[in-house]
Amino acid sequence: MRRIPARRTAPTPARTPTARSLVRLTAATALLTALAAVPGPAATARDLPGSYVVSRAPGVLPEGIAITPDGTMYVSSDGTGALYRGRVGTPDMKSFPARGLEDRPSSLGVHTDRRGRVLSVGGATLTVHDRHGRLLATRTAPGGPLGAPDLNDLAVTKDAVYVTDWANPVILRAEIRGGVLGPLEPWLDIRPAFPQFPAKYWLLNGIVADESGTTLLVASNGTEAVWRIGTAGRDVSRLDLGEESFGPDGMVLRGRTLYAVLNYGAPHGVYIARLDEELRSGTVTHRLTDGPFDLPTTLARHGCRLYVVNSQLDDPPGLPPYTVSAIADPTCGPA
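What this report covers is the structure whose coordinates are included nearby. None of the values given here were measured: they were computed from a predicted structure.

The next thing to look at is the packing of aromatic side chains. For the coordinates displayed, the defined rule picks out nine aromatic pairs. Measuring from centroid to centroid gives 5.3 Å for Trp202 and Trp227, while their planes differ by 50 degrees, and the two rings are tilted. In this pair, Trp202 sits in the loop between β13 (180–189) and β14 (204–209) while Trp227 sits in strand β16 (residues 225–230), placing the two residues 25 residues apart along the sequence. Judged by relative accessible area, Trp227 falls into the buried class, the value being 4%. When the centroid spacing of 6.4 Å and the interplanar angle of 80 degrees are considered together, the rings of Phe246 and Tyr271 count as edge-to-face. In this pair, Phe246 is assigned in the loop between β17 (236–238) and β18 (251–254) and Tyr271 in strand β20 (residues 269–275), connecting sequence segments 25 residues apart. An identical accessibility class is assigned to Phe246 and Tyr271; each is buried. One aromatic cluster in this structure is built from Phe194, Phe197, Trp202 and Trp227.

Right, let's get into the environment of Ile171. By the secondary structure assignment, Ile171 is in strand β12 (residues 170–177). C-alpha separation for the pair Ile171 and Leu188, spaced 17 residues apart in sequence, amounts to 5.2 Å. When neighbours within four sequence positions are excluded, Ile171 is seen to be in contact with Val163, Glu185, Pro186, Trp187, Leu188, Leu204, Ile207, Val218 and Ile229.

Glancing now at the pairing of strand β7 (residues 118–122). Taking burial as the measure, the five residues of β7 include five buried ones, the bulk of the element. What sits between the antiparallel neighbours strand β6 (residues 110–112) and β7 is a turn of five residues, in which Gly116 has the positive phi angle 80 degrees. Here β7 pairs with strand β8 (residues 125–129) via five bridges, running antiparallel. Opposite Val121, over in β8, you have Leu126 as the bridge partner.

Criteria and thresholds
Throughout this document, residue positions are counted from 1 along each chain, in the order its sequence is written. With the structure being a predicted model, the display of local features is reserved for residues of pLDDT at least 70 and the display and counting of side-chain atom pairs for 80 or more, all residues being used for whole-chain, interface and lining totals. Derived side-chain values reflect all non-hydrogen atoms in the structure, with water molecules and hydrogen atoms excluded from consideration. Two aromatic rings from Phe, Tyr or Trp, using only the six-membered ring of Trp, form a pair when their centres are within 6.5 Å; if the ring planes differ by under 30 degrees the pair is stacked, by over 60 it is edge-to-face, and anything between is tilted. Comment: elements are numbered from the N terminus, with helices defined as DSSP H or I runs of at least four residues and strands as E runs of at least two. Relative accessible area decides the class of each residue, using a 1.4 Å probe on protein chains only: under 20% of the type maximum gives buried, over 50% gives exposed, and in between gives partly exposed. Pairs of residues are marked as contacts when any of their non-hydrogen atoms sit within 4.5 Å. For two strands to be treated as a pair, DSSP must find no fewer than two bridges joining them.

Such coordinate-based values are descriptive only and should not be taken to indicate function.
As structure tokens, then:
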């Protein structure tokens, strides 16, 4: 979930990025084991805003998003490291008083659990807060094969938290055992899956897990692909979407439906793919590229709506207000 360096429209696909063209593209320890978010109930779209103001303060640059089953929305800031909170029924969000983020200049991926706890990553740290903003846990990632970490996104299963590193072609893992979150450690160096590709251009972005926690899907903007990883054997293969160039930023996996935001190498917007039972191959069924998007980075799903973050990260510090756009989920059919 990172940014391209300068504003542009309809970018030209590039199979092998050059040296600076993709840099910064779209970037108490008790914890219950049941951390995975649960999809929310269907909402009545006509009663909900079509756009949400994250902040009107300069330089916020929203990046990640999570929505709880009761409709509480959290958005992270790449520009300041802050978190914001609101409701799907209210168009304005407010600052979330998350303690312990003062030294983290950027917050990217954000996730919530069944009890409303908020997990987020940025820089070298993974943090866990309760719904009141109290800091419950902080885990710091070690440096990777290319240098200092730049944690990008996270996925939570019943026994672990998996985190992508934008600066290193490495996936990290923090084990959950007995309700305690373990250290954040390197778990998989993904380079052997595509050894001829330059290590510094993997640019790992979004990550999602299936309901059982046995399969991860990891987006690599540099390789313009999604990579499937079996958590038991750490086997890696490329998700087969035919001839489709598919290098997403943020993603959501709901059953066999993969929702992804693309903002490089294809028209900006939300792309939806229907996958096979083993999540090894699939077909892109929807391309939602005519929405009110401004360098979208990721999305969340709640009810029959998709909530897309308008980051403005291609033209920092952007122009307030910074927003989230809500669009209908076409897989729900007529409502």
